[in-house]
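Single-letter residue listing:
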Amino acid sequence: MRLLAFLLLLALGLPAHAETIAITNARLMDGERDEAGMTIVMADGKIASVSRGGVAPSGARVVDAGGRPVTPSLAAAATQIGIVGMGSAANTRDEAVSSGPAGAGFAVAPGVDLNDLTIQEARAQGVVSAMVYPDAGNGVFAGTAALLRLDRTGNPVRNANAAVFAVPRGKNAGGSRGAAWALIRNALDEAKRPASAANAPRDDLLNPLDIAALRPVVAGRTPIAIVANREADIRQAIELSRDYGIRVVVVGGAEAWRVADALATSGVGVILDPLDELPFTYDTVGARRDNAAILAKAGVPIAFMVSAQAIYLSYDLGPALREGAGISAANGLSRADALRAITSAPARVWTGKASPGIAVGGAGDVVVWDGDPLEPSSAPAHVFVGGRELSKVTRQTRLRDRYHPSRSGDPLPPAYR
Amino acid sequence: MKRALRQIALCLTLAAASGQLSAQDNISRPQPMPDAPASEYRPLPRQDTLFVGATILDGAGGKLVGDVLVRDGRIVSLGKVADAGNAVRIDASGRWITPGLIDVHTHYGSFILPQGGSREDYSDIVENSGLNAANTWVEHGVRPSDPAFSRALAGGVTTVQILPGSGVIIGGRTVVVHTIPAVTLAQMRFPGAPQGLKMACGNNAVEQGSFPTSRQGQIAGLRHALHEARELLDRRAGEDGKRGKGGHRGGGGSGDPKEVTLAGAIEGKLPVHLHCYRADDIATWIAVLEEYGVKLGTVHHAVEAYKIAPLLARKGVCAAVWPDWWGFKREAEDGIPENAAFLDAAGACVMMHSDIPVLGSLLNLEAAKAAAAGRRAGLDIPPEKAIRWITSNPAKSLGLEDRVGTIAPGMNADLVVWSGDPFSVFSKPDLVLIDGAVAYDRAQRTRQPQSDFELGQPQREGIE
């Protein structure tokens with residue numbers, strides 16, 4: 001009978017769906033509610049039911065959360081997992097171009113290495129969705145970001161043209177922000193021209209690659225990220241969204257709190273670093289720890305990226321997002337908003353539509369935590385992606401087990417463990 | 001002769017390592033070099049204070065609910081204090097008190113914020129024109145108005161070491177300061193704290209095209225420099241023999257400044273701090289330094305220290321680590337979050353360190369993460385143990401364990417009153433005391449120091 005079912009599946013070419021899983025006694029925290037005693041049932045990769053005190057369906061694998069918090073999986077609004085590789089090994093790094101013709105037309109997607117250890121770590125730490133963005137090179141356009149889904153089904157890239165990143169730095173435009181903004185605006189103007197005229201005039205500054213990347217931006221289908229911290233640049237970003245009627249997202253935004261109302265009015269979202277509080281550069285003199293709280297209160301869509309001089313940004317993605325959310329919650333942001341900023345809000349900031357969280361029919365992307373997810377000391381107890389539980393084994397846990405103090409008396413050296 | 005000196009040096013450092021914490025005056029610890037300048041630091045205005053009913057992590061492994069009495073800048077008693085005299089009573093029930101936090105690895109003032117302008121505008125991190133900068137003292141490049149000091153203070157950090165960077169194998173002398181911003185470095189210098197000596201192994205100190213271009217070249221360079229320092233000590237010993245005892249100034253003044261500094265390290269007067277990531281490198285450096293009678297005090301970064309935890313414990317070498325840095329370069333490829341916990345389990349002295357300013361105000365969370373990783377690996381790391389990783393263990397690394405890092409009678413009253421459990425992201429320092437004086441008060445703007453740089457900046461309207 002089992003063999004028959006197997007052959008049937010094989011014949012139909014259907015994926016063997018995950019078992020039905022019931023998480024019971026969960027404290028469900030998804031940024032909308034915080035309720036104890038919940039049962040979450042996942043079947044066919046999706047959330048089948050969410051109920052208070054619900055009984056697990058017969059045959060389901062029961063995971064008793066024991067009252068511990070259960071949240072949607074984490075979402076990184078801006079990171080570079082999969083393209084930074086081993087930091088000092090240039091041939092593993094694919095996050096930036098510093099020469100050659102590619103500007104906006106440089107897409108990071110083909111360079112994403114699904115086997116990169118940064119992806120392995122992020123997934124084990126409960127991150128499922130990640131916007132992977134290009135770093136600034138020499139031009140005012142860094143390139144095109146990719147949206148990843150870390151579900152272990154092959155290529156994690158779900159949208160290879162998820163956002164175009166612009167960098168209004170003076171040094172990337174010959175020495176002045178004025179020139180940088182002129183080039184950004186000119187690029188959008190060129191991309192707005194009809195396709196037939198796109199490559200005709202000899203004085204166009206963009207090549208066909210860049211034009212192709214920017215067309216969906218001016219059509220309002222793809223957001224443009226402005227990487228900026230200084231208030232004046234953030235004001236320029238707001239004007240850009242108004243003048244072109246396009247979706248703009250500020251990435252950085254250390255001084256965004258100073259323009260909170262204008263950001264809210266224009267619908268420009270901000271992806272900020274909750275750890276910012278130092279005048280690390282002259283662009284972040286106005287950094288403060290309650291930036292997120294001020295923006296949220298004004299109604300600005302926010303999400304988080306946590307850098308720590310780029311160490312946390314990709315190498316400690318999951319824990320760093322939670323630490324950032326915790327710090328923002330300790331500095332005036334509501335717990336719900338803090339949790340949203342690392343789960344459902346990144347999609348809202350980028351696309352205008354938040355991801356559904358733990359809702360019937362949504363993907364079975366759920367994490368059971370061993371403590372408060374906003375505490376940096378907590379960690380995932382179970383990670384479910386598409387309704388399947390992920391193995392917790394990573395290269396780091398293999399090293400941990402190999403060198404665990406309990407093994408110190410082993411007769412054979414570590415290489416044999 | 002060499003062996004005798006080596007043994008003296010070893011005795012000095014062993015004595016420092018095994019000292020009891022309760023009696024400030026009966027301890028043998030590294031004495032400052034004779035050429036070390038005096039401190040001009042003066043405690044802020046203070047009053048005797050009794051903190052009542054706090055949860056106290058004493059930094060020595062103890063946890064209790066009770067009172068702490070501070071008088072004349074020192075801890076007088078803790079537990080149930082019956083007679084507090086005229087001390088001001090502060091209700092600390094529901095709050096936690098720990099020793100002031102200590103950060104053994106910062107570049108404050110020598111890599112100043114904002115990092116704008118040309119490199120020489122903000123970076124004096126190390127003299128990297130050769131492989132041996134033992135004659136340089138980082139304090140000569142420190143700008144005390146770096147805004148990072150006040151952020152660290154607000155994060156509960158009361159003492160920091162500023163080290164030269166890792167671009168050369170012998171980086172020069174370190175300086176230990178309080179986090180109360182001042183106009184000159186001398187006004188921040190921790191009185192009587194020994195300077196340290198910074199060294200660096202591995203990638204950062206490898207040169208392209210000039211010596212040393214390899215790890216083995218670094219060791220050759222190290223041996224050469226230490227050999228010369230030993231010769232200086234031998235010459236001095238010879239002069240002593242001719243003149244009778246007490247002839248030379250011992251460790252400072254006479255001789256080539258590079259050799260003088262390295263001789264100070266051999267004599268145990270300069271705690272040695274080594275930037276080093278890989279287990280194999282760390283083991284090599286411990287062995288080579290030992291050949292010349294230098295005891296490695298603390299290995300910094302040490303992402304692979306967990307692989308040689310028993311060695312570090314046996315040699316009495318401390319490790320200053322992050323909880324979660326890995327992967328950003330090959331030397332850091334094998335970093336794991338359990339590093340600190342595994343070291344602790346082996347009996348090694350371990351501590352957190354920041355290295356970058358954004359982490360300088362988050363040391364409590366760094367320790368929280370490292371301890372939690374250890375607990376998940378099955379190790380018993382209660383708060384009273386984890387707090388040592390940011391208090392008494394770094395105090396030991398700096399040779400200051402008889403002064404700070406522990407709440408005990410006679411110790412400096414460097415304290416943090418936390419709004420709650422210091423290992424929770426939701427807790428904050430309400431009060432930070434240095435030498436019994438309130439250096440930071442979360443509720444009082446007039447007790448929150450601010451750098452000259454940040455003063456009057458339009459972007460900061462509404463923050464101040």
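Residues numbered from 1 in each chain as written. Chains lettered and ligands numbered in written order. Predicted model: local features only at pLDDT ≥ 70, side-chain atom pairs only at ≥ 80, totals over all residues.

## Looking at the overall build of chain A
Short version of the rule: Runs of H or I in DSSP of at least four residues are treated as helices and runs of E of at least two as strands, each being numbered from the N terminus. The quantity called the radius of gyration is restricted to C-alpha atoms. Its globule counterpart is 2.2 Å times the number of residues to the power 0.38. Working definition of burial: number of other C-beta atoms within 10 Å of the residue's own, with buried at 20 or more, exposed at 12 or fewer, and partly exposed in between, all C-beta atoms being placed from the backbone. Any two residues are considered in contact once their C-beta atoms, placed from the backbone, lie within 7 Å.
Tallying secondary structure elements over chain A gives twelve helices and 16 strands in all. Relative to a compact globule of 417 residues, whose C-alpha radius of gyration would be 22 Å, chain A shows 23 Å and is just as compact. Projecting the C-alpha coordinates of chain A onto the three principal axes gives extents of approximately 70 × 50 × 50 Å. Among the 417 residues that make up chain A, the fraction classed as buried is 56%. The long-range share in chain A, meaning contacts at least 24 apart out of those at least 6 apart in sequence, stands at 67%.

## Notes on the overall build of chain B
Along the backbone of chain B there are eleven helices and 17 strands. Reported as C-alpha extents along the three principal axes, the dimensions of chain B are approximately 60 × 50 × 50 Å. The 464 residues of chain B split such that 57% are buried. Counted over contacts in chain B with a minimum sequence separation of 6, partners at least 24 positions apart contribute 71%.

## Section: the packing of helix α3 (residues 177-192) of chain A against helix α4 (residues 208-218) of chain A
Residue and element names in this part refer to chain A. The line we're drawing: Here the axes come from fitting lines to C-alpha atoms, over the contacting stretch only for helices, and the angles between their N-to-C directions go from 0 to 180 degrees. Reported orientations rely on four angle classes, namely roughly parallel under 35 degrees, roughly antiparallel over 145, roughly perpendicular from 65 to 115, and oblique for the rest. By the convention adopted, Pro, Cys, Tyr, Trp, Phe, Met, Ile, Leu, Val and Ala count as nonpolar, Lys, Arg, Asp and Glu as charged, and the other residues, Gly among them, as polar.
Running from amino to carboxyl end, α3 crosses α4 at an angle of 85°, the nearest separation of the two axes being 8 Å. The angle between the axes of α3 and α4 places the two elements in the roughly perpendicular class. Note on element contacts: α4 touches α3 through D210, I211, L214, R215, V217 and V218, opposite A187, L188, E190, A191 and K192. Partitioned by chemical class, the residues of the contact of α3 with α4 number seven nonpolar, no polar and four charged.

## Here's the deal with the environment of A65 of chain A
Residues and elements named next belong to chain A. Within the secondary structure layout, A65 lies in the loop between β4 (61-64) and β5 (69-72). Here A65 falls in the buried class, since 23 other C-beta atoms lie within 10 Å of it. In the structure, A65 is positioned 152 residues away from V217 in sequence and 44 Å away in space, judged by C-alpha atoms. In this view, A65 contacts I23, T24, N25, A26, V70 and V368; residues no more than four positions away in its chain are not counted.

## Quick notes on the interface of chain A and chain B
The interface is formed by 41 residues belonging to chain A together with 45 residues belonging to chain B. The element contributing the most residues to the side of chain A that touches chain B is helix α9 (residues 317-329) of chain A, with four residues. Class assignment of the residues belonging to the side of chain A that touches chain B gives a composition of 21 nonpolar, eleven polar and nine charged.

## Comments concerning the domain arrangement of chain A
All names here are of chain A. Using the following cut-off: Delimitation of the domains relies on an automatic or database domain assignment.
Under the domain assignment used here, chain A contains domain 1 (2-72 + 361-399) and domain 2 (74-351). For domain 1 versus domain 2, the separation of C-alpha centres amounts to 30 Å. Taken together, the contact between domain 1 and domain 2 spans 20 residues of the former and 23 residues of the latter. Going through the elements one at a time, β5, β15 (380-385) and α12 (395-402) are the ones with two or more residues in the side of domain 1 that touches domain 2. When the residues that make up the side of domain 1 that touches domain 2 are grouped by side-chain class, the tally is ten nonpolar, five polar and five charged.

## Considerations on helix α5 (residues 257-266) of chain B
One turn of an α-helix holds 3.6 residues; hence residues three or four places apart share an orientation. All names here are of chain B. For α5, the tally of buried residues reaches nine of ten residues, placing the bulk of the element in the interior. Every buried residue of α5 is accounted for by K258, E259, V260, T261, L262, A263, G264, A265 and I266. Count one or two residues on from α5 and you reach G268, which has phi positive near 80°.

## Focus on the sheet that holds strand β7 (residues 127-132) of chain A
Residue and element names in this part refer to chain A. So the rule is basically this: Pairing between two strands requires that DSSP report at least two bridges joining them.
Ordered in space as β6-β7-β8-β9-β10-β11-β12-β13, the eight strands form an open sheet in which the pairing is mixed. What marks the edges here is a single partner per strand, and that holds for β6 (74-79) and β13 (302-304). Here the average twist between neighbouring strands, direction ignored, is 25°. Bridging between strand β10 (residues 224-228) and strand β11 (residues 248-252) involves five bridges; their strand directions are parallel. Bridge pairing links V227 to V251 in β11. Here α4 sits on the sheet in contact with β8 (141-149), β9 (157-166) and β10, set at roughly 95° to β9.

## Comments concerning the environment of L270 of chain B
Residues and elements named next belong to chain B. Here L270 lies in the loop between α5 and β11 (272-276). Of the residues examined, L270 has 28 C-beta atoms within 10 Å and is grouped as buried. For L270 and S419, which are 149 residues apart along the polypeptide, the C-alpha to C-alpha distance reads 37 Å. Excluding its chain neighbours within four sequence positions, the residues that come into contact with L270 are M33, R173, P194, Q195, G196, L197, T261, G264 and A265.

## Structural notes on the nonpolar core
What counts is decided by this rule: Only buried residues count toward a nonpolar core: Ala, Val, Leu, Ile, Met, Phe, Trp, Tyr and Cys, linked into one set through C-beta atoms within 7 Å.
Ranked by size, the top nonpolar core spans 285 residues in total, and within it I40 and M131 of chain A together with A305 of chain B carry the most contacts. No other element matches the eight residues that helix α9 (residues 363-376) of chain B contributes to this core. Counting contributing residues, this core receives three or more from each of domain 1 (2-72 + 361-399) and domain 2 (74-351) of chain A.

## A short note on the sheet that holds strand β7 (residues 157-162) of chain B
Residues and elements named next belong to chain B. If you trace the three strands from one edge of the open sheet to the other, you get β6-β7-β9, paired in mixed fashion. Edge positions in the sheet fall to β6 (101-106) and β9 (175-178), since each has one partner strand and no second. Within this sheet the neighbouring strands show an average axis-to-axis angle of 20°, counted without direction. Of the strand pairs in this sheet, β7 and β9 are connected by four bridges, and their pairing is antiparallel. Across the sheet, residue Q161 finds its bridge partner in β9, namely V176.

## Some points on the confidence of the model for chain A
Heads up, the condition is: The predictor attaches a confidence to each residue, and that confidence, scored 0 to 100, is pLDDT.
Confidence in the prediction of chain A, expressed as mean pLDDT, is 93, and 94% of residues score 70 or more. Counting contacts from residues 5-16 of chain A, a segment whose pLDDT is below 50, to residues more than four positions away or on other chains yields two contacts.

## Thoughts on α12 of chain A
Residue and element names in this part refer to chain A. Filter applied, for reference: The arc in question is formed by the directions pointing from the helix axis toward the C-beta atoms.
Q396, L399 and R400 are the residues of α12 that are buried. The buried residues of α12 occupy an angular sector of 100° when the element is viewed end-on, so they sit on one face. Where α12 is buried, its residues touch α2 (117-124).

## Comments concerning the confidence of the model for chain B
Close reading of the predicted structure is inappropriate where its pLDDT is low. All names here are of chain B. The predicted model of chain B has a mean per-residue pLDDT of 91, with 91% of residues at 70 or higher. Note on residues 1-27: pLDDT under 50 across the span, and 43 contacts to partners over four residues away in sequence or across chains. Note that residues 246-251 has pLDDT below 50 and, in this model, 15 contacts with residues that lie over four places away or in other chains. Predicted complex, confidence summary: ipTM 0.94, pTM 0.93.

## Digging into the pairing of strand β3 (residues 46-52) of chain A
All names here are of chain A. Two strands pair when backbone bridges link them, and strand β2 (residues 34-43) and β3 are joined in this way by six bridges, in the antiparallel orientation. Its bridge partner lying in β3, I40 is registered against V50. Linkage of β2 to β3, two consecutive antiparallel strands, is achieved through a turn of two residues, within which D44 is found at a positive phi near 50°.

## Some remarks on unusual backbone geometry
Residues and elements named next belong to chain B. Here the bond from L113 into P114 is cis, since omega is -10°, no more than 30 degrees from zero. With respect to the element layout, P114 can be found in the loop between β6 and α2 (119-122). Each neighbour pair has its own omega, and for F211 with P212 the value is -5°, a cis peptide bond. When you line up the elements, P212 lands in the loop between β10 (197-200) and α4 (215-243). Despite not being glycine, H301 has its phi angle at roughly 80°, a positive value. Judged by local crowding, H301 falls into the buried class, with 27 C-beta atoms found within 10 Å. Despite not being glycine, A302 shows a phi value in the positive range, around 40°.

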